[in-house]
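# Secondary and tertiary structure notes
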Amino acid sequence: GEDVEQSLFLSVREGDSSVINCTYTDSSSTYLYWYKQEPGAGLQLLTYIFSNMDMKQDQRLTVLLNKKDKHLSLRIADTQTGDSAIYFCPPPGITPGGSTLGRLYFGRGTQLTVWP
Amino acid sequence: GAVVSQHPSRVICKSGTSVKIECRSLDFQATTMFWYRQFPKQSLMLMATSNEGSKATYEQGVEKDKFLINHASLTLSTLTVTSAHPEDSSFYICSAHLRQGASETQYFGPGTRLLVL
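Conventions we followed
Residues numbered from 1 in each chain as written. Chains lettered and ligands numbered in written order. Predicted model: local features only at pLDDT ≥ 70, side-chain atom pairs only at ≥ 80, totals over all residues. Heavy atoms only, no water. Disulfide = S-S within 2.5 Å. Helix = DSSP H or I, 4+ residues; strand = E, 2+ residues; numbered from the N terminus. Buried < 20%, exposed > 50% of the residue type's maximum accessible area, 1.4 Å probe, protein only. Contact = heavy atoms within 4.5 Å. Buried area = accessible area lost by both parts, 1.4 Å probe. Salt bridge = Lys/Arg side-chain N within 4 Å of Asp/Glu carboxyl O. Polar contact = N/O pair within 3.5 Å; in protein donor to acceptor, adjacent residues only side chain to side chain. Nonpolar A, V, L, I, M, F, W, Y, C, P; charged D, E, K, R; others polar. Pairing = 2+ DSSP bridges. Axes fitted to C-alpha atoms, helices over the stretch in contact; angles between N-to-C directions. pLDDT = per-residue confidence, 0-100.

### Describing the state of the cysteines
Under the definition given, this model contains two disulfides over all chains. Here A:Cys22 connects covalently by a disulfide to A:Cys89, the sulfurs 1.5 Å from one another. Of note, the bridge from A:Cys22 to A:Cys89 carries an S-S torsion of about -90 degrees and is left-handed in sense. Taken together, the residues span a long stretch of sequence, with A:Cys22 in strand β3 (residues 18–24) and A:Cys89 in the loop between β9 (85–88) and β10 (110–115) at a distance of 67 residues. The burial state of A:Cys22 is the same as that of A:Cys89; both residues are buried. Here B:Cys23 engages in a disulfide with B:Cys94; their sulfurs sit 2.0 Å apart. Taking the torsion about the S-S bond as the criterion, the B:Cys23 to B:Cys94 disulfide, at about 80 degrees, is right-handed. Taken together, the positions of B:Cys23 in strand β3 (residues 19–25) and B:Cys94 in strand β9 (residues 90–100) put the pair 71 residues apart, joining distant regions of the chain. The residues B:Cys23 and B:Cys94 share a single accessibility class, namely buried.

### As for the interface of chain A and chain B
Taken together, the contacts link 19 residues of chain A with 23 residues of chain B. Summed over both sides, the interface between chain A and chain B buries roughly 1600 Å², with carbon and sulfur atoms accounting for 54% of that surface. Remark: the boundary between chain A and chain B carries zero salt bridges. Applying the counting criterion to the chain A and chain B interface returns four residue pairs in polar contact (both at pLDDT 80 or more). Of all the elements in the fold, those that place two or more residues in the side of chain A that touches chain B are β4 (31–37) and β5 (43–50) of chain A. The residue inventory of the side of chain A that touches chain B, partitioned by class, reads eleven nonpolar, six polar and two charged.

### Section: the sheet that holds β3(A)
All names here are of chain A. The five strands lie next to each other as β1-β3-β8-β7-β6, forming an open sheet whose pairing is antiparallel. With partners counted over all chains shown, the strands left at the sheet margins are β1 (4–6) and β6 (55–58), one partner each. Going from strand to strand, the sheet's axes swing by 15 degrees on average, the running direction of each strand aside. Pairing between β3 and strand β8 (residues 71–76): six bridges, direction antiparallel. What sits directly across from Thr23, in β8, is His71.

### Section: the pairing of strand β2 (residues 10–13) of chain B
All names here are of chain B. Residues of β2 alternate between two faces, with Val11 and Cys13 buried on one and Arg10 and Ile12 left unburied on the opposite face. Of the strand pairs in this sheet, β2 and strand β11 (residues 112–116) are connected by four bridges, and their pairing is parallel. Within the sheet, the bridge partner assigned to Cys13 lies in β11 and is Val116.

### Re the environment of B:Cys13
Residues and elements named next belong to chain B. For Cys13, the location among the structural elements is in strand β2. Judged by its relative accessible area of 11%, Cys13 is buried. Between the C-alpha atoms of Cys13 and Ser89, which are 76 residues apart in sequence, the distance is 9.7 Å. If we skip the residues at most four places from it in the chain, Cys13 touches Val19, Ala84, Leu114, Leu115, Val116 and Leu117.

### With respect to the environment of B:Ala56
Residue and element names in this part refer to chain B. Tracing the backbone through its elements, the reader meets Ala56 in the loop between β5 (44–51) and β6 (57–58). Separated by 24 residues in the primary sequence, Ala56 and Thr32 place their C-alpha atoms 9.5 Å from one another. Ala56 has contacts with Thr49, Ser50, Asn51 and Ile69, leaving out every residue within four places of it along the chain.

### Let's talk about the sheet that holds β5(A)
All names here are of chain A. Taken together, the five strands give an open sheet; going across it, the order is β2-β10-β9-β4-β5, and neighbouring strands pair in mixed fashion. Here the strands that pair on one side only, and so sit at the sheet edges, are β2 (9–13) and β5. Sheet twist, expressed as the average angle between the axes of neighbouring strands with direction ignored, equals 25 degrees. Relative to β9, β4 runs antiparallel, the two sharing three bridges. Within the sheet, the bridge partner assigned to Gln37 lies in β9 and is Ile86.

### Notes on the confidence of the model for chain B
Scored by pLDDT, chain B comes out at a mean of 91, with 98% of its residues at no less than 70. Confidence, read as mean pLDDT per element, is least for strand β10 (residues 103–108) of chain B in chain B (81) and greatest for β11(B) (97).

Structural data, given as structure tokens:
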């Protein structure tokens, strides 16, 4: 599968902004995703960005994509304690035939802790 | 957004028994579903791709005879852990692939926690 690099931990104070970064080793996907996992729960799709976009804003979330550097980031404005979770940016897996078939490969994610 | 359910949410079984986990897409049809396994504080590991009406595609290192996958309808995929052993204890998560026009997204179920004694 494809590799992704993320910091394992991020701590912020409530009300501050959080920035979670991902760097891929390779990606030729049409879409790039951000998922959130709360303790003991499944994954929730937060947002996604089309690969020909540089930025997408969705309420408190801003996604930035630098295709040249293979760098994806998620900014959470006015971070709340309810944002505490693990955040994943899975790059798609590419089959030998060149199709992603929707397969995603996950790293360990970034554990975001928000302090009141 | 699209909803995916899993049943059961939690199961405890004795070593040697088989356990079936269901994954359902509640408000959309999914020709492709995926099964993941997650150990504590570890990443999700893709186990297999479940294809409606055909055989599942397993990732390298995943035993197909150990983890039986059946995708009998467009809204249901099942994973059966056969002859479960304590090392199979894990958090199993499924996802359903939704393609709408040019966009495609995976929606995840809430997960099933399996404990094998």
